[in-house]
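Descriptive structure summary
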Amino acid sequence: MSAPGDLPNGLAKGLKHLDLDGHDLPPSPAPSTPTNGRKYALATELVYTESNDQFNSSSTPIYQSATFKGGPGQDGNPTRTHLERHLAKIMCAKRALVVSSGMGALDVITRILKPGDEVVTGDDLYGGTNRLLNYLRSNNDIIVHHIDTTNVEKVKAALTSKTAMVLLETPTNPLIKIVDIASISTAAHAANPKAVVAVDNTMLSPYLQNPLDLGADVSYESGTKYLSGHHDVMAGVIGINDEVLGDRFFFMINSTGCGLAPFDSWLLLRGIKTLSVRMEKQQTNAQAIAEFLENHGFKVRFPGLKSHPQYALHWSQARGAGAVLSFETGSIALSERIVESTHLFGISVSFGCVNSLISMPCRMSHASIDPATRKERALPEDIIRLCVGIEDLDDLIADLSQALVRAGAVRLTDGGFEALSAEEVEGESRSTVLVMDR
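Keep in mind the model is a prediction, meaning the values are calculated, not measured.

Right, let's talk about the sheet that holds strand β6 (residues 218-222) for a bit. Pairing is mixed across the open sheet formed by 7 strands, whose spatial order is β1-β7-β6-β5-β4-β2-β3. Each edge of the sheet is formed by a strand with only one pairing partner; in this case those strands are β1 (95-99) and β3 (143-147). The mean angle between the axes of side-by-side strands here comes to 20°, regardless of whether they run parallel or antiparallel. Relative to strand β7 (residues 236-240), β1 runs antiparallel, the two being bridged by 5 bridges. In the sheet register, Val99 faces β7, and the bridge partner there is Gly236.

Pairing is possible between side chains that carry opposite charge, provided their charged atoms lie close to one another. In total, this model carries 12 salt bridges according to the counting rule given. With a closest N to O distance of 2.6 Å, Glu424 and Arg411 form a salt bridge. Separated by 13 residues along the polypeptide, Glu424 in the segment after β14 (416-419) and Arg411 in strand β13 (residues 410-413) bring together distant segments of the chain. Taken together, the salt bridges that share partners define one network made up of Asp123, Asp148 and Lys177.

So, about helix α5 (residues 127-139). The terminal C-alpha atoms of α5 lie 18 Å apart, and with 13 residues this matches the ideal 18 Å at 1.5 Å per residue to within 8%. For α5, the set of buried residues is Gly127, Gly128, Thr129, Asn130, Leu132, Leu133 and Leu136. Buried residues in α5 make contact with α4 (102-110), β2 (118-122), β3 and β4 (163-169). After α5 finishes, the residue Asp141 shows a positive phi value of roughly 60°.

In space, the 5 strands of this open sheet follow the order β8-β9-β12-β11-β10, with mixed pairing throughout. Unpaired on one side and paired on the other, β8 (299-301) and β10 (346-347) mark the two borders of the sheet. Here strand β11 (residues 357-359) pairs with strand β12 (residues 384-387) via 3 bridges, running antiparallel. Bridging across to β12, Ile358 finds its partner in Leu386.

Counting 65 residues, the largest nonpolar core has Leu87, Ile289, Leu293, Val300, Leu325, Leu386 and Leu404 as the members making the most contacts within it. Among the elements that make up this core, the one with the highest residue count is helix α10 (residues 275-295) (7 residues). Ignoring sequence-local partners within four residues, the contact set of Val300 consists of Ala290, Leu293, Glu294, Leu305, Leu325, Ser326 and Phe327. Residues Val108, Leu136, Ala164 and Tyr220 belong to the second largest nonpolar core, which totals 30 residues.

Enumeration over the complete set of coordinates arrives at 6 aromatic pairs. Seen in terms of ring centroids, Phe292 and Phe417 are 6.1 Å apart; in terms of plane orientation they differ by 85°. Their pairing is edge-to-face. Residue Phe292 is found in helix α10, and its partner Phe417 is found in strand β14; the two are separated by 125 residues along the sequence. Accessibility expressed as a relative area gives 12% for Phe292, which makes it buried. Ring geometry for Phe298 against Phe327: centres 5.6 Å apart, planes inclined by 75°, an arrangement best described as edge-to-face.

It is worth spelling out the environment of Ser222 at this point. When you line up the elements, Ser222 lands in strand β6. Looking at Ser222, the relative accessible area reads 9%, which means it is buried. On a C-alpha basis, the gap between Ser222 and Thr202 in space is 5.7 Å, while along the polypeptide they are 20 residues apart. If near-sequence neighbours (up to four positions away) are discounted, Ser222 is found in contact with Gly102, Thr202 and Ala235. Separated by 3.2 Å, the side chains of Ser222 and Lys225 make a polar contact.

Our next topic: the environment of Asp232. Residue position: Asp232 is located in the loop between β6 and β7. Put simply, Asp232 and Gly271 are 39 residues apart on the chain and 9.7 Å apart in space, counted from C-alpha to C-alpha. Sequence-distant contacts of Asp232, that is, excluding residues within four places in its chain, are made with Leu267 and Arg270.

What follows is about the side chain of Lys225. Following the sequence through the fold, Lys225 ends up in the loop between β6 and β7. Although Lys225 lies buried, it forms no salt bridge, and the closest oppositely charged side chain, Asp200, sits 8.1 Å away as judged by the N-O distance. Discounting residues that sit within four places of it in the chain, Lys225 has contacts with Thr202, Ser350, Phe351 and Gly352.

Definitions and limits used
- Residues numbered from 1 in each chain as written.
- Predicted model: local features only at pLDDT ≥ 70, side-chain atom pairs only at ≥ 80, totals over all residues.
- Heavy atoms only, no water.
- Pairing = 2+ DSSP bridges.
- Helix = DSSP H or I, 4+ residues; strand = E, 2+ residues; numbered from the N terminus.
- Axes fitted to C-alpha atoms, helices over the stretch in contact; angles between N-to-C directions.
- Salt bridge = Lys/Arg side-chain N within 4 Å of Asp/Glu carboxyl O.
- Expected span 1.5 Å × (residues − 1).
- Buried < 20%, exposed > 50% of the residue type's maximum accessible area, 1.4 Å probe, protein only.
- Contact = heavy atoms within 4.5 Å.
- Core = buried A, V, L, I, M, F, W, Y, C linked by side-chain atoms within 4.5 Å.
- Phe/Tyr/Trp six-rings, centres within 6.5 Å; stacked < 30°, edge-to-face > 60°.
- Polar contact = N/O pair within 3.5 Å; in protein donor to acceptor, adjacent residues only side chain to side chain.
- Lys, Arg positive; Asp, Glu negative; His and termini not counted.

Pasting the structure below:
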């Protein structure tokens, strides 16, 4: 686009304040400081989104328009831009971008890869991430190394000057493994200063973890999950501190037209305001449920439990444990019956919503990963994932209890019940049974 001063017919005056999207937008909701100089807490910043539009509306308006008169084209929208600036604030980023889904965000990020580039990533990935990487490997000649990213030394051994990107998830899903973001970021940049370290922060949200503050170059997540909180919008979020990298991502979004729609942007803005209260309630519920299951003899994976092998690492880089946990029964059949026996826990693949969900990842969210690969990565076929919501805690525990009893997954005792022993798991070994062993 020509500089404003080069435009004819008086357009220069009208365009001199245009932002990167080509529009003269409401003021950016920049970080705020009270008059006494104390910085607002994150819970306050989540809510503080004044737009100062012409009518001084208390809620950011929805600009339901595909284009704008006198501007350079269809490459921006005030509602979306306001959301992006608000997200940049809470993600501790210099710039944020929003697209139509979480996988859409990862697609934008990986489009900077070229044939021959190498990607180092984990061995416990979201199913959609695994699908995309397989596609890039098969069709774009991208070399992908799946490593146990909980082992920093193994990651270092895989890093070379050809490493163009490191993709991390922490906590991982569904094994709830913790990755040392700072150490791996440092190692990646030492191997190749131009390597991009991108962290999927969906499991915790910016309320509990900020990967950019730990050395990552990109923090991305599915806005469908905790940021929205109601499963009424699909969105993807990208946070960046490098301006050049931000421009490259924006170019791709603008070229492919995958930017988030105005109404969806408004829904996400609304959801973000309640992130603090939702997350606090959800992780409080999750902590109690994790302790309940562990105390009754189940193997539970949750970073809020001191029995988690990476408990200290997690709390060194995060401010909370989140609200996703998983546990094992030792039997695929038992797990299936438990999932089918709950009432309050809805059977669904997603998480981050105000209502609680239950699933068997190997049958649902990770079913696209073939059984041989699941076995190689030690993903238990019987694992159950709980995504805890904001319901009354006693009701949630009562629902789980009746499901465990109805499924025959526990032994009744004078004090209540406890998980079956290895010998009592009917037709199964207590050690995890994998599909490939059948």
